Amino acid sequence: MVIDGASATRLNWLRAAVLGANDGIVSIAALVVGVAAASSSLSAIAISGVAGLVAGALSMASGEYVSVSSQRDAERVLIQRAREGGGSGEHHLTNAWHAAGASLAAFFVGGIIPLVAVLATPAAARVIATFVAVVVALTLTGYLSARLGGAPVARAMARNVVGGGLAMAITYGVGNLVGLAF
């Protein structure tokens, strides 16, 4: 299958955006749920959530840039080898900056959802409200990523929800244990 330049750019952006959004939703949800299990302090939850949001978005952007740059280097070698072998034609390289920007923005937008849910909810319902908001967000990102990529929708939604739910449950349990220890 030959992928044209516009499709390659769209797929690169889609992959980075889906990964960023899912990671933002799950990472920040797990972080704030884990802290909420250990402490009822709204300021502790807010500080950890905002710090995690900024650190995660920057980490995702940096990781995407490095990863896609490595991929681009490999693509350049393959293109050079093809030209040396008599091949020619149009070649489209992946763009590390596009991937980094998409991942950063998507992580931030995704991470806002559990952060707002946990901060806007009374202490007694914080974890449940965050869990519900995250399940809805992960269902939506699974649906959108499948539709944009032409993949089966139910499978994409299920893997998002199951993976995110497990991450939150495990982190809640660890936070609860750490809270009891201190």
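Definitions and cut-offs
- Residues numbered from 1 in each chain as written.
- Predicted model: local features only at pLDDT ≥ 70, side-chain atom pairs only at ≥ 80, totals over all residues.
- Heavy atoms only, no water.
- Phe/Tyr/Trp six-rings, centres within 6.5 Å; stacked < 30°, edge-to-face > 60°.
- Helix = DSSP H or I, 4+ residues; strand = E, 2+ residues; numbered from the N terminus.
- Buried < 20%, exposed > 50% of the residue type's maximum accessible area, 1.4 Å probe, protein only.
- Axes fitted to C-alpha atoms, helices over the stretch in contact; angles between N-to-C directions.
- Parallel < 35°, antiparallel > 145°, perpendicular 65-115°, else oblique.
- Left-handed = near helix turned anticlockwise from the far one by under 90°.
- Contact = heavy atoms within 4.5 Å.
- Nonpolar A, V, L, I, M, F, W, Y, C, P; charged D, E, K, R; others polar.

Draft legend 1. Representation of the packing of aromatic side chains. A complete count under the given rule lists 1 aromatic pair for this structure. With a centroid separation of 4.6 Å and an interplanar angle of 50°, the aromatic rings of Tyr-65 and Trp-97 are classed as tilted. Of this pair, Tyr-65 sits in helix α2 (residues 42-84) while Trp-97 sits in helix α3 (residues 96-119), and the two are 32 residues apart along the sequence. Assessed through its relative accessible area of 63%, Trp-97 is described here as exposed.

Draft legend 2. View of the packing of α2 against α3. Look at α2 against α3: their axes get within 8 Å of each other, and the N-to-C directions meet at 165°. On the basis of their axis angle, the class for α2 and α3 is roughly antiparallel. For the pair α2 and α3, the crossing hand works out as right-handed.

Draft legend 3. Quick peek at the packing of α3 against helix α4 (residues 126-149). Between α3 and α4, the shortest axis-to-axis distance is 8 Å and the interhelical angle comes to 155°. The orientation of α3 relative to α4 falls into the category roughly antiparallel. For the pair α3 and α4, the sense of crossing is right-handed. Here Ile-113, Pro-114, Ala-117 and Val-118 of α3 lie close against α4, whose contacting residues are Arg-126, Ala-129, Thr-130, Ala-133, Val-134 and Ala-137. Here the contact of α3 with α4 is built from residues that sort into 8 nonpolar, 1 polar and 1 charged.

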